[in-house]
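One letter stands for each residue in the lines below.
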Amino acid sequence: MSDDKHQLLSKVPAVTLGFWVIKILATTSGETGGDTVTMTWLGETTPHPVPYGYLIGTGIFGLALVVLVVAQIRTHRFNAWLYWATIIASTTCGTTLADFADRSLGIGYPGGSLLLLACVLLSLFVWYRALGTVDVNTVASPREESFYWITITFSQTLGTALGDWSADAVSDGGWGLGYSGAALVFGSALALLAALYFSTRVFRVFLFWAAFILTRPLGATVGDFLDKPIAKGGLELSRPFATLALAVAIIVLILVIPQRPGEHPRSDAG
């Protein structure tokens, strides 16, 4: 019986407070890491950028994401290091992909955000129609994992677009909240979801995906606050240094916070 139950453990982490702390740090590092490659090294925000810098960055991180997702699907049990590396790859790829869509393709923040929201909803809809649930605790087989990582990548990209849209100046097509203001808005929204979780019986799967999406723009705005110029409301820290510091913090938390897989609902049967 113990062997059968082991087989029904999810291949993604149990959703705990520690999970959300690491997730926010991972999304923040994805923002600073993506910007390090496209803006600092490829010079997209300088007078002499490397041609197609956002596209090149998306290709680099997209390839890393595909390799890690394949490894994640092929493994037979939950591996915390592999899982969080894949999450960071998805959020970094989401950063460069959103910037490519918004800035290089000229779709703009409203168009990009609406398109990506449609992709997230479509992914969840197809997942539900195919398997009857989008509960992350059921992610234990290649088919479920494929839907999971497709949805994750779309949600990470959507979060980047939302973060940029909310923080950028009105003259640039944004909401004009600034990086700290936008972080406060998304942080407050997450606090509201937490209050709903603890005080109501609102559908837990809905709360999870809403929170998962909102952690991305929170991380994006915090990341931008760390590395954007002081004149634009940031702290102008070194992007590579900020990324390294966040990576160290994530590693420490993975070592300190117990990492365990979520339990598949069927493991409670019998």
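As the structure is a computational prediction, the values presented were derived from the model and not from experiment. (Residues numbered from 1 in each chain as written. Predicted model: local features only at pLDDT ≥ 70, side-chain atom pairs only at ≥ 80, totals over all residues. Heavy atoms only, no water.)

Note: α-helices contain 3.6 residues per turn, so residues at a spacing of three or four share the same orientation. With 18 residues, helix α9 (residues 239-256) ought to run about 26 Å at 1.5 Å a step, and its terminal C-alpha atoms sit 26 Å apart, in line with that. The set of residues buried in α9 consists of R239, A242, T243, L246, I250 and I254. In an axial view of α9, the angular spread of the buried residues amounts to 105°, which keeps them on one side of the axis. Across α9 from its buried face, at more than 90 degrees, point the exposed residues F241, L244, L255 and V256. In the core, the buried residues of α9 are packed alongside α2 (17-41), α4 (80-104) and α8 (204-227). (Helix = DSSP H or I, 4+ residues; strand = E, 2+ residues; numbered from the N terminus. Expected span 1.5 Å × (residues − 1). Buried < 20%, exposed > 50% of the residue type's maximum accessible area, 1.4 Å probe, protein only. Arc of directions from axis to C-beta. Contact = heavy atoms within 4.5 Å.)

On to a nonpolar patch on the surface, then. A contiguous nonpolar patch, built from W81, L244, V248, I251, V252, L255 and V256 and spanning about 690 Å² of accessible area, is present on the exposed surface. No other element matches α9, which puts six residues into the nonpolar patch. Structurally, L244 is set in helix α9. (Patch = residues over 30% accessible without salt bridge, like charges linked within 9 Å, V, L, I, M, F, W, Y side chains within 5 Å. Areas by Shrake-Rupley, 256 points an atom, 1.4 Å probe, with all protein chains shown as cover. Salt bridge = Lys/Arg side-chain N within 4 Å of Asp/Glu carboxyl O.)

On to the packing of aromatic side chains, then. The way to describe two aromatic rings as a pair is by their centre distance and the angle between their planes. In the structure shown here, the tally under the stated rule is 16 aromatic pairs. Taking the centre distance of 6.3 Å and the plane angle of 35° together, the rings of F19 and F208 count as tilted. Placement of F19 in helix α2 and of F208 in helix α8 is noted, with a sequence separation of 189 residues between them. Per residue, the accessibility class of F19 equals that of F208, and both read buried. On the numbers, 5.0 Å between centres and 85° between planes, the contact of Y148 with W149 is edge-to-face. For Y148, a relative accessible area of 1% puts it in the buried group. Using a relative accessible area of 2% as the deciding quantity, one classes W149 as buried. Aromatic rings pair up to connect F19, W20, F78, Y83, W84, W127, F147, Y148, W149, F208, W209 and F212 into one cluster. Positioned above the aromatic ring of F212 is the side chain of K23, whose terminal nitrogen or guanidinium carbon lies 4.2 Å from the ring centre. Between the NZ or CZ atom of R204 and the centre of the ring of Y197, over which it lies, the distance is 4.4 Å. (Phe/Tyr/Trp six-rings, centres within 6.5 Å; stacked < 30°, edge-to-face > 60°. Lys NZ or Arg CZ within 6 Å of the ring centre and 35° of its normal.)

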